[in-house]
Amino acid sequence: MRIWVNGALRDEADARVSVFDHGLTVGDGIFETVKTTAGRPFALTRHLDRLTRSARGLGLPDPDLDEVRRACAAVIDANPMELGRLRITYTGGLSPLGSDRGNDGAGLVVALGESRRRHDTTAVITVPWTRNERGALAGLKTTSYAENVVALARAHERGASEALFANTVGQLCEGTGTNVFVVLDGQLHTPPVASGCLAGITRALVVEWAGAHETELSMDVLEHAEEVFVTSSLRDVQAVHRIDGRELPGTPGPVTAKAMRVFDERAGHDLDP
């Protein structure tokens, strides 16, 4: 495996960052996960736009997107695979121990790992912890991911692949690494970004391509929604057949199946929509 670390490709054994990197010591960093198919990234421009928005939200300098594109191309070329997970990590760089940032500039790491096609359906759970829609990190894709690790471990313990959060006012928000959509009276809905959810790349494309409504939704919508699905860069559109103890028969339902089909068709025709 060849990995881009702070300006150059390195062999896996030599791909190292300092123990004083702020992304490691205090989680002062951002990242993007990009799907690659046959050596080509999907929606890279949208991902890089969000990388810049996240950097600004965290107070980091804007990433050099030309360098990031070069790094992505170099890593993809050096590691041929059919289906991959391209991870772009951008951190506060070398800093003193503590919350203050240093003056040595940001760090950039780009790596690629093999991925597998997701199952058409999955099970999810809800968790008692909340997203803070008013927090400093709301809507930013940061490396401060520990609460997602805890929630996802709870999901795996219960035979599910994802955990869904409410926000602090009890509205449906998002999953640990997904956005969530529900079907009510035949209409497709997803929580608005104001709920505290991440502005997912796949989420935005599904809203545009499938005509979903951005709607404030209470958590109890999961108890009576006709269909539910989750989206992410690696899952694309994935139907939900079980939420906690509730089974959703006939999954994927007609609205979900159409969203899956439309997404596959549109994404197949345009790799950088």
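The structure presented is a predicted model; accordingly, all values stated were derived computationally and were not measured. (Residues numbered from 1 in each chain as written. Predicted model: local features only at pLDDT ≥ 70, side-chain atom pairs only at ≥ 80, totals over all residues. Heavy atoms only, no water.)

Tell me about the packing of helix H2 (residues 44-58) against helix H3 (residues 65-78), residues and numbers included.
Look at H2 against H3: their axes get within 11 Å of each other, and the N-to-C directions meet at 135 degrees. Here H2 is positioned oblique relative to H3, judged by the angle of their axes. In this structure, H2 meets H3 at a crossing whose hand is right-handed. Listed contacts from H3 to Leu-44, Thr-45, Leu-48, Leu-51 and Thr-52 of H2 are Leu-65, Val-68, Arg-69 and Cys-72. In the contact of H2 with H3, the residues fall into six nonpolar, two polar and one charged. (Axes fitted to C-alpha atoms, helices over the stretch in contact; angles between N-to-C directions. Helix = DSSP H or I, 4+ residues; strand = E, 2+ residues; numbered from the N terminus. Parallel < 35°, antiparallel > 145°, perpendicular 65-115°, else oblique. Left-handed = near helix turned anticlockwise from the far one by under 90°. Contact = heavy atoms within 4.5 Å. Nonpolar A, V, L, I, M, F, W, Y, C, P; charged D, E, K, R; others polar.)

Please provide a residue-by-residue account of a nonpolar patch on the surface, values included.
Residues Val-19, Phe-20, Leu-24, Leu-94 and Leu-97 make up a contiguous nonpolar surface patch of roughly 520 Å² in combined accessible area. One can find Leu-24 in helix H1 (residues 22-25). Classification of Leu-24 by relative accessible area gives exposed; the value is 55%. (Patch = residues over 30% accessible without salt bridge, like charges linked within 9 Å, V, L, I, M, F, W, Y side chains within 5 Å. Areas by Shrake-Rupley, 256 points an atom, 1.4 Å probe, with all protein chains shown as cover. Salt bridge = Lys/Arg side-chain N within 4 Å of Asp/Glu carboxyl O. Buried < 20%, exposed > 50% of the residue type's maximum accessible area, 1.4 Å probe, protein only.)

So what's going on with the layout of surface pockets? Residues and values would help.
Within this model, the second largest pocket holds a volume of roughly 230 Å³. What lines the second largest pocket is a set of 16 residues, and nearest its centre among them are Val-17, Asp-21, Thr-89, Thr-91 and Val-109. Those elements giving two or more residues to the lining of the second largest pocket turn out to be strand S1 (2-5), H1, strand S5 (83-91) and strand S6 (107-114). Residues belonging to the lining of the second largest pocket are distributed by class as follows: seven nonpolar, six polar and three charged. (1 Å grid on protein atoms, 1.4 Å probe; cavity = no way out; pocket = protein on both sides within 12 Å on 5 of 7 lines; lining within 4 Å. Points joined across faces, edges and corners; volume = space filled by probe spheres on them.)

Could you give me a rundown of the packing of aromatic side chains, with the residues and numbers involved?
Overall, the coordinates contain four aromatic pairs when judged by the stated rule. Seen from their ring centres, Phe-31 and Tyr-145 are 5.2 Å apart, and the 80 degrees between their planes marks the pair as edge-to-face. Taken together, the positions of Phe-31 in strand S3 (residues 29-37) and Tyr-145 in the loop between strand S7 (121-131) and helix H4 (146-157) put the pair 114 residues apart, joining distant regions of the chain. Relative to Phe-263, the ring of Phe-42 lies with its centre 6.1 Å away and its plane at 70 degrees, an arrangement referred to as edge-to-face. One end of the pair, Phe-42, is in the loop between strand S4 (40-41) and H2; the other, Phe-263, is in helix H6 (residues 254-269), and 221 residues separate them in sequence. Classification of Phe-42 by relative accessible area gives buried; the value is 7%. Within the aromatic cluster, the residues linked to one another by ring pairs are Phe-42, Trp-209 and Phe-263. One residue, Arg-87, lies across the ring of Phe-31, its end atom 3.9 Å from the ring centre. (Phe/Tyr/Trp six-rings, centres within 6.5 Å; stacked < 30°, edge-to-face > 60°. Lys NZ or Arg CZ within 6 Å of the ring centre and 35° of its normal.)

An account of unusual backbone geometry is needed here, citing residue identities and associated values.
Cis geometry is adopted by the peptide bond preceding Pro-252, which originates at Thr-251 and carries an omega value of 0 degrees. Residue position: Pro-252 is located in the loop between strand S15 (246-247) and H6. One non-glycine residue, Ala-43, adopts positive backbone phi at about 55 degrees. By secondary structure assignment, the location of Ala-43 is in the loop between S4 and H2. Positive phi, close to 50 degrees, is recorded for Asp-244, a residue that is not glycine. Within the secondary structure layout, Asp-244 lies in the loop between strand S14 (236-243) and S15. A relative accessible area of 32% means that Asp-244 is categorised as partly exposed.

Describe the sheet that holds S1, and please don't skip the residues or the numbers.
Pairing in this open sheet of six strands is antiparallel, and the strands run S2-S1-S6-S5-S3-S4 from one edge to the other. Every other strand in the sheet has two partners, leaving strand S2 (8-11) and S4 as the edge strands with one partner each. Contacts from H2 reach S3, S4 and S5 within the one sheet, and its direction differs from that of S3 by about 175 degrees. The strands touched by H3 are S1, S2, S3, S4, S5 and S6; relative to S6, the strand with the most contacts, the crossing angle is about 30 degrees. (Pairing = 2+ DSSP bridges.)

Provide a residue-level description of the state of the cysteines, including the pertinent values.
A full pass over the atoms with the stated rule returns zero disulfides. Cysteine Cys-173 shares no disulfide, and the gap to the nearest cysteine sulfur, in Cys-197, comes to 5.4 Å. When its relative accessible area of 1% is taken as the criterion, Cys-173 is described as buried. (Disulfide = S-S within 2.5 Å.)

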